[in-house]
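# Inside the fold
Single-letter residue listing:
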Amino acid sequence: MYTTASVLLKTLADVGVTHIFANWGNDHPAILEDLERQRTDGGGKALLDVVTCPNEMVALSAAHGYSQVTGKPAAVIVHVDVGTQALAGAVHNADKGQAPVIIFAGASPFSVSGEHKGSKNEWPMWGQDAPDQPAIVRQFMRFTAQIMSGKTVAKTVMRAWQFATSSPKGPVYLWARRETLQEEIDPSVLQTPVDISKWPSVQPSGLSPTALNTIVDALTNAEFPLIIAGNTGRNPQTVSLLATLSNLRSIAVCTAISPALCVPYSHPYLVGSSFDGRIAHLEKADVVLIIEADVPWMDTMGSKLVDDTRVFVLDVDPLKQQFGWSHVDAEMLCRVDSAVALGQLINAVRLADLQTSDKGALNARMYERGTKLRAFHEEWMKELLAAEEMAMGANGTVLTVPYVLRALRKAAQAHVPSGNNILWLNEGISNCDLVWNHIQPEYPGSMIMSGGSSLGWALGAAVGARLGAQVAGKDYELIVAVVGDGDFLFGVPSAAYWMARRYKTPFLTVILNNGGWASPRYSMLGMYPNGVGSKATGQQLNVSFGPDMPDYAQIAAAAGDAWGRRVASASELQSALEEGIRAVVENKRSAVVDCILEQI
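- Within an unreviewed UniProt entry, the label attached to the chain reads Thiamin diphosphate-binding protein, and the organism entered is Laetiporus sulphureus 93-53.
- Checking UniProt for the chain, the heading Subcellular location (unreviewed entry) contains the comment "Mitochondrion".
- On record in UniProt, under Sequence similarities (unreviewed entry), the comment for the chain is "Belongs to the TPP enzyme family."

The structure is reproduced here in structure tokens:
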């Protein structure tokens, strides 16, 4: 017997989806039945690998991590309206992080007296019959649709797949009533092939000839050109392209709220990385090239352009249509794929160099600009190194974040000397800029963030990233999630570490434990630096988890047999990190190192 569910699952497999991250409910009998039919017919193997997820937000975070590593969609299955709501902030992250994920939810039956197979027969189904279920997530989706029939489900899935995989990529949401999923279909419907080649993603676009020539001329004749890069690293191919363009024209590069590595930290013209709206050397720039930066700088933080600065924006969505407000005073807004546009710029610069009548003067100018930029880069690296030398805080009793991160970087490099087979997941929250600056990743795709601001992505994403790495043939020797203590709890560790154990996806978690939620306190201080709250403790402000904070390592141990240790002194930090890494690499167990910082 074949049903609508049979065609749904087969179409997902045909389009290249390999994993379903599932949280089952009473709307899924037809899916569960067909998965078992597939195993019976296929010698114990279903078309798709099912990952059981005890929590929906962890399920979507895992699918998000999977897509970040593979570049391809994963599927998430949840239970009616309540499961859709339980996807929680992971929906925001998938949207803002441009993660191609196919979300499917069943819906309460519409028949009540046995008129159709699948009629209401359990009391929750009355309350779960939401008037507009997809409205829960519609504004975050690239596409939403109801599956109406087993005869058309393949086309509905393919249309959703096109939206998910066309830039700006992102999540899509499909839903179906229980009767529809259980609709029996003729075998010919299942056997009718879908020609995947006829459902392509939208081709990436490039710069117009006018824009290309204008930008190359501006970069060449500028006194201090600056590239501000944001999301470019989501496509690993752009990393070498961006470095090449910077080298060809001695252009300073600063990253702004980057969720993936844009350029190696050793790049001599990288002059800063910003998460606070302050862009290094912006006041010097007379030409600024903004490439896929959601928030290139913040006026309220003192970063402003000099009058008459020429600004060019290259972005797949230059108007930021998902934002309530976004604007940059720019000469040109170009809707482009960054990899295509960077390739065009590189070729145009090289052609211009061949055609120039005075190569000596051009080379001299580029050398002079490059010399200044190398000095800026070296000064920045020295400042970071000096911060790492301070093991303890001002009161001499607690670890500093730079010191912890240097120890982590060295411990990881000792076990993976090449450094190119480590995946870093950065959800350091108030310390995420320090994670970038003191881990100092070098390789495309080697450090990623969610791309959104809903906390709790990293733990589930680590599980999904490990599964995705197996599919993509990346086989990381070590996956490290750097999180805050509050963020650790947002990640639903009981579900995440249980999944890591069951599906053999171990990872190291390093907790930067400041005793609660530092970010709300920092936000208050930003508005009221001398207010009465500035003198209040974290406990008084109700943002502290102390003094009786949870034992985070033991949560992971109980849920997933993880190794764990709490560290409060410099003398024990290095050995704890090394032991945690050995637990992951050699013993294939997840590990948690809880590092005690100055408490809020």
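### Quick notes on the layout of surface pockets
- In this structure, the second largest pocket spans a volume of roughly 1,100 Å³.
- For the second largest pocket, the lining is made up of 46 residues, of which S167, K169, R234, N235 and P236 are closest to its centre.
- Elements represented by at least two residues in the lining of the second largest pocket include exactly α3 (56–70) and β15 (422–427).
- If one sorts the elements of the lining of the second largest pocket by residue count, α3 sits on top with 5 residues.

### Structural notes on the state of the cysteines
- Summed over all chains, the structure comprises 0 disulfides.
- A disulfide-free cysteine, C262 has its sulfur positioned 10 Å from the sulfur of C254, the nearest such atom.
- When its relative accessible area of 2% is taken as the criterion, C262 is described as buried.

### A short note on the packing of aromatic side chains
- Applying the stated rule across the entire model yields 9 aromatic pairs.
- Here the aromatic rings of F488 and Y552 are separated by 5.4 Å at their centres, their planes lie at 70°, and the arrangement is edge-to-face. Residue F488 is found in helix α17 (residues 485–490), and its partner Y552 is found in helix α20 (residues 552–560); the two are separated by 64 residues along the sequence.
- Given a relative accessible area of 0%, F488 falls into the buried group.
- Each ring, one from Y497 and one from F507, has its centre 5.3 Å from the other, and the planes form 20°; the classification is stacked. With Y497 in helix α18 (residues 493–502) and F507 in the loop between α18 and β18 (508–513), the pair connects residues that are 10 residues apart, well separated along the chain. F507 shares its class with Y497; the two are buried.
- Within the aromatic cluster, the residues linked to one another by ring pairs are F488, Y497, F507 and Y552.
- In this structure, K120 is placed above the aromatic ring of W126, and the distance from its NZ or CZ to the ring centre is 6.0 Å.

Calculation rules
- Residues take numbers from 1 onward in each chain, read along the sequence in its written order.
- Confidence filtering applies because this is a predicted model: local features only for residues at pLDDT of at least 70, side-chain atom pairs given and counted only at 80 or more, and all residues used for totals across whole chains, interfaces and linings.
- Here the side-chain values reflect all heavy atoms present in the structure, with hydrogen atoms and water set aside.
- UniProt positions are given in the numbering used here, feature names are shortened, and annotations may be inferred rather than shown by experiment.
- Here a cavity is any set of points on a 1 Å grid over the protein atoms alone where a 1.4 Å probe fits but cannot get out, and a pocket is any open set with protein on both sides within 12 Å along at least 5 of 7 lines; a residue lines the site when it has an atom within 4 Å of a point.
- Grid points are joined across faces, edges and corners, and a volume is the space filled by probe spheres set on the points.
- To qualify as a helix, a DSSP run of H or I must reach at least 4 residues; to qualify as a strand, a run of E must reach at least 2; elements of each kind are numbered from the N terminus.
- Cysteine sulfur atoms that come within 2.5 Å of each other are treated as a disulfide pair.
- Partly exposed residues are those whose accessible area sits between 20% and 50% of the maximum for their type, while under 20% is buried and over 50% is exposed, using a 1.4 Å probe and protein chains only.
- Centres within 6.5 Å are what make two rings of Phe, Tyr or Trp a pair, Trp counting through its six-membered ring; a difference in plane orientation under 30 degrees is then read as stacked, over 60 as edge-to-face, and the rest as tilted.
- Only when the NZ atom of a Lys or the CZ atom of an Arg is both within 6 Å of the ring centre and within 35 degrees of the ring normal do we say a charge sits over the ring.

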